[in-house]
Amino acid sequence: MNKDFEFRQLLRAYRSGVISEATFESEMKSFENGAHSNGSGGFEAFGRRYASEREAVVKFLEAVSPAETAGGVAVRAWLEVCQTDCIRGGLMMVAERESYHGRAFAARLKELGGNATQQMSEESRKNIEYLRNPNISDYDKLHRGAKRFPNPAETIRPLFEFAELLKEDLQTKEMVKLFAQDELSTLKWQNALCAALTDAQGTQRRAA
Ligand SMILES: [Fe+2]
């Protein structure tokens, strides 16, 4: 397995949640240990070494752009069948975020001479099928997401760290910072609403 492949897989896994909690934690540790630049001309981020900062940026954009675009499609698929007002409100905002992340990162990649392949991964396709299923409740879909990322700050930390590492490409650096803020906001919203709905269900059950 080469480095690029591993990097793409990890980002896809982060987006669609297919990696186990244990794997995710060990990857977090490797981010922590490996995410620093060095003086030898190479560049390290996400626990991987790249020939240059530019190479790391291009690989990042190549992985994130299609994943975010697919995220937008997935959230819209859920919106088509979503019947819960409070969840609908959040999904309408999150769908826009995901799609604009995909567009903005694709545009940046193009500026750097790369090309965003908008091919959808198998994981993304499965996620879309799950979310557009009208027989699964909105609460279950929200709960699945909240359970997958119980600690939003820890989940998003590698993105903030990556932004901090960028010293040459100040344009991408600021894009990644705002992207990380958006993703953090989305995960916090998901967890807070899920907790509120879980509490409300408990209250209803006690009152019954
Ligand atoms: Fe996203």
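Engineer: Explanation requested: the confidence of the model for the chain in the structure shown.
Structural biologist: For any part of a model where pLDDT is low, the fine detail of the predicted coordinates should not be relied upon. Averaged over all residues, the pLDDT of the chain is 88; the fraction at 70 or higher stands at 81%. Across residues 33-39 the pLDDT falls below 50, and counting only partners more than four positions away or on other chains, this stretch makes 18 contacts in the model.

Engineer: Would you take a moment to explain the packing of aromatic side chains for this structure?
Structural biologist: A ring pair, where both rings are aromatic, is described by two values, the distance of the centres and the angle of the planes. All chains considered together, the criterion is met by 5 aromatic pairs. Ring centres 4.9 Å apart and planes at 40° place the aromatic pair phenylalanine 46 and phenylalanine 162 in the tilted group. Residue phenylalanine 46 is found in the loop between strand S1 (43-45) and strand S2 (48-50), and its partner phenylalanine 162 is found in helix H7 (residues 152-165); the two are separated by 116 residues along the sequence. The same class applies to phenylalanine 46 and to phenylalanine 162, which are both buried. Measuring from ring centre to ring centre gives 5.9 Å for phenylalanine 60 and phenylalanine 105, while their planes differ by 85°; the resulting arrangement is edge-to-face. Placement of phenylalanine 60 in helix H3 (residues 53-81) and of phenylalanine 105 in helix H4 (residues 85-111) is noted, with a sequence separation of 45 residues between them.

Engineer: Looking at this structure, I do not really get the packing of H7 against helix H8 (residues 170-207). What am I missing?
Structural biologist: For any two helices packed against each other, the geometry is given by the interaxial angle and the distance between the axes. Across the interface, H7 lies against H8 with an axial gap of 8 Å and an inter-helix angle of 175°. With respect to H8, the element H7 is oriented roughly antiparallel. On the side of H7, the interface is formed by Pro152, Ala153, Thr155, Ile156, Leu159, Phe160, Phe162, Ala163 and Glu164, while H8 contributes Lys173, Val176, Lys177, Phe179, Ala180, Gln181, Glu183, Leu184, Leu187, Lys188 and Asn191. Its residues placed into classes, the contact of H7 with H8 shows 12 nonpolar, 3 polar and 5 charged.

Engineer: Whenever I open this one, the environment of tyrosine 139 confuses me. Can you help?
Structural biologist: Mapped onto the elements of the fold, tyrosine 139 is located in helix H6 (residues 138-148). For the pair tyrosine 139 and cysteine 194, spaced 55 residues apart in sequence, the C-alpha separation works out to 7.4 Å. Setting aside anything within four residues of it in sequence, one finds tyrosine 139 in contact with Ile87, Cys194, Leu197, Thr198 and Gln201.

Engineer: Before we go on, may I ask you to explain H6 in this structure?
Structural biologist: Residues Asp138, Tyr139, Lys141, Leu142, Gly145 and Ala146 constitute the buried set of H6. The arc enclosing the buried residues of H6, seen along the axis, measures out at 165°, which places them on a common side. On the buried face of H6, the contacting elements are H3, H4, helix H5 (122-131) and H8.

Reading the values: the criteria
Residues numbered from 1 in each chain as written. Predicted model: local features only at pLDDT ≥ 70, side-chain atom pairs only at ≥ 80, totals over all residues. Heavy atoms only, no water. pLDDT = per-residue confidence, 0-100. Contact = heavy atoms within 4.5 Å. Phe/Tyr/Trp six-rings, centres within 6.5 Å; stacked < 30°, edge-to-face > 60°. Helix = DSSP H or I, 4+ residues; strand = E, 2+ residues; numbered from the N terminus. Buried < 20%, exposed > 50% of the residue type's maximum accessible area, 1.4 Å probe, protein only. Axes fitted to C-alpha atoms, helices over the stretch in contact; angles between N-to-C directions. Parallel < 35°, antiparallel > 145°, perpendicular 65-115°, else oblique. Nonpolar A, V, L, I, M, F, W, Y, C, P; charged D, E, K, R; others polar. Arc of directions from axis to C-beta.

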